[in-house]
Amino acid sequence: MEMRAVYAQCLAEMMERDKHVCVLDADLAKASGTRGLYERFPNQMFDCGVAEQNMASIAAGLSSYGFKPWIESFTAFATRRICDQIAISICYAKSNVKIVGTDPGISAELNGGTHMSMEDIGVLRSIPGMVIFEPVDERQLRAAIPVINAYEGPVYVRLFRKELPAVFPEDYRFELFKADTLRAGRDVTIFVSGFLTKDALDAAQALAAEGVECDVVNVHTIKPIDRESVIASARKTGAVLTVENHNVIGGLHSAVLEALAEEKLPVCAVGVQDRFGEVGKLPYLREAMGLTVENIVNAAKRAVSLK
């Protein structure tokens, strides 16, 4: 199932149980997967038109009256365009608003560089009080949405819209502020977020065939980062690689570096190298941005060599 369909199903379940849960979109309900909710929940769905800043302000106002608003748009419009409203009306005011940005990073594909937000985590991570979450697969997203809805405060959800391969088992237990170790190793730790998690696991499998054993840790909540788990894994292996569909400045790589600032360990990165996006399909963009399994394998080897 597409991730946006899972997201819409979770919203429907919550809206059915709680009339205070509502959704605001900026003329992108079809793209976000929530158009069908307008018929089922006409009093809990609001199309604000192409006016994302107003959408964020309305959501903050609804929150002050006890509602639980979710706002949604393409990632670039859910972060860069409404940064001031997020900072002041939502975070400064401690508004209970959830923000969903779809098509993060290179997953914007043919919409091109204007829609490819390579800096959204960096933009929002610097705002006090913001929680940032990026799901890996359908099972994790289903487990996370009710937990995020119950959390009192602003949360940014970085949502890949289409289908993703399964990573987590059926008995997976989600904890919002706890990173998940997916594979144990002794030579290097791969900290990974978002849809590249499966690629990190594939890279770890390839490295194991060469005698390099990897800890693979999914950091689904990038802020606040699970500092304890990051430090423990890094100390165990003595070398670190971060993997993300985001600029290497400001996102997961920066968060891990900050957590490890007092540790004398090599930290390498696979991510977007401080550049804008471009038009292309995902396979091309992976190659262009250096986000392939081969890139991960080579960077992990380099991290080990620096020990």
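Structural data are supplied above this passage.
Please read all numbers here as calculations on a predicted model, not as lab measurements.

Conventions and cut-offs
- Residues numbered from 1 in each chain as written.
- Predicted model: local features only at pLDDT ≥ 70, side-chain atom pairs only at ≥ 80, totals over all residues.
- Heavy atoms only, no water.
- Helix = DSSP H or I, 4+ residues; strand = E, 2+ residues; numbered from the N terminus.
- Expected span 1.5 Å × (residues − 1).
- Buried < 20%, exposed > 50% of the residue type's maximum accessible area, 1.4 Å probe, protein only.
- Contact = heavy atoms within 4.5 Å.
- Phe/Tyr/Trp six-rings, centres within 6.5 Å; stacked < 30°, edge-to-face > 60°.
- Axes fitted to C-alpha atoms, helices over the stretch in contact; angles between N-to-C directions.
- Left-handed = near helix turned anticlockwise from the far one by under 90°.
- Nonpolar A, V, L, I, M, F, W, Y, C, P; charged D, E, K, R; others polar.
- Core = buried A, V, L, I, M, F, W, Y, C linked by side-chain atoms within 4.5 Å.
- Pairing = 2+ DSSP bridges.
- Polar contact = N/O pair within 3.5 Å; in protein donor to acceptor, adjacent residues only side chain to side chain.
- Salt bridge = Lys/Arg side-chain N within 4 Å of Asp/Glu carboxyl O.

S.K.: Got a minute to help me understand helix 13 (residues 293–305) in this structure?
M.R.: Count 3.6 residues to each turn of an α-helix, and residues three or four apart come out pointing the same way. Taking 1.5 Å per residue, 13 residues should reach 18 Å; helix 13 reaches 19 Å between its end C-alpha atoms and fits that length. Those residues of helix 13 lying buried are I296, V297, A299, A300 and A303. Contacts made by the buried residues of helix 13 are with strand 8 (188–192), helix 9 (197–208), strand 11 (240–247) and strand 12 (267–272).

S.K.: Teacher, can you tell me more about the packing of aromatic side chains here?
M.R.: Each aromatic ring pair is specified by the distance between its two centres and by the angle formed by the two planes. In this structure the tally under the stated criterion is 7 aromatic pairs. Judged by centre distance (5.6 Å) and plane angle (75 degrees), the rings of F133 and F174 are edge-to-face. Remark: F174 occurs in the loop between strand 6 (155–159) and strand 7 (180–183) and F133 occurs in strand 5 (residues 131–133); sequence separation between them is 41 residues. Judged by its relative accessible area of 0%, F133 is buried. Looking at F174, the relative accessible area reads 13%, which means it is buried. One aromatic cluster in this structure is built from F133, F168, Y172 and F174.

S.K.: What's the story with the packing of helix 1 (residues 3–17) against helix 8 (residues 138–150) in this structure? I'm lost.
M.R.: Helix-helix packing is described using two parameters, namely the angle between the two axes and the distance between the axes. Put simply, helix 1 and helix 8 touch, their axes get as near as 10 Å, and they point 35 degrees apart. As for the relative orientation of helix 1 and helix 8, their crossing is right-handed in sense. Two secondary-structure elements touch here, helix 1 through M3, V6, Y7, Q9, C10 and M14 and helix 8 through E138, L141, R142, I145, P146 and N149. Residue composition of the contact of helix 1 with helix 8, by class: 8 nonpolar, 2 polar and 2 charged.

S.K.: What exactly am I supposed to notice about the nonpolar core here?
M.R.: The nonpolar side chains of soluble globular proteins are, as a tendency, buried together. Residues W70 and L241 are the most contacted members of the largest nonpolar core, which totals 64 residues. Among the elements that line this core, the one with the most residues is helix 1, at 8 residues.

S.K.: Help me out: how do you make sense of the sheet that holds strand 7 in this one?
M.R.: Through backbone hydrogen bonds, the strands of a sheet pair up, either in parallel or in antiparallel fashion. Strand order in the open sheet made by the 5 strands is 7-9-8-11-12, with mixed pairing throughout. What marks the edges here is a single partner per strand, and that holds for strand 7 and strand 12. The average undirected angle you get between the axes of adjacent strands in this sheet is 25 degrees. Judged from the 5 bridges that link them, strand 11 and strand 12 form a sheet pairing that is parallel. In the strand pairing of strand 12, N247 is matched with V272.

S.K.: Quick question: what am I supposed to make of the pairing of strand 3 (residues 68–74) here?
M.R.: Across a regular strand the side chains alternate sides, sitting on one face of the sheet and then on the other. With 6 of its 7 residues buried, strand 3 lies for the most part within the structure. Summarising the sheet, strand 1 (residues 21–25) and strand 3 pair through 5 bridges and their orientation is parallel. For V23, the partnering residue across the bridge sits in strand 3 and is W70. Here strand 3 pairs with strand 4 (residues 98–102) via 5 bridges, running parallel. Considered in strand 4, the bridge of E72 is made with V100.

S.K.: Would you explain the environment of K236 in this entry?
M.R.: With respect to the helices and strands, the residue K236 is situated in helix 10 (residues 227–237). Judged by relative accessible area, which is 48%, K236 ranks as partly exposed. For K236 and V217, which are 19 residues apart along the polypeptide, the C-alpha to C-alpha distance reads 13 Å. Not counting residues up to four positions away in its chain, the partners in contact with K236 are G185, R186 and D215. One polar contact links the side chain of K236 to the main-chain carbonyl oxygen of G185, over a distance of 3.4 Å.

S.K.: Just to check I follow, could you spell out the pattern of salt bridges for this structure?
M.R.: Should their charged atoms come close, side chains of opposite charge can pair. Inspection of the entire model under this criterion finds 21 salt bridges. Note that R158 is salt-bridged to E134, the shortest N-O span being 3.1 Å. One end of the pair, R158, is in strand 6; the other, E134, is in the loop between strand 5 and helix 8, with 24 residues separating them in the sequence. The pair formed by R158 and E134 is uniform in burial state, with each residue classed as buried.

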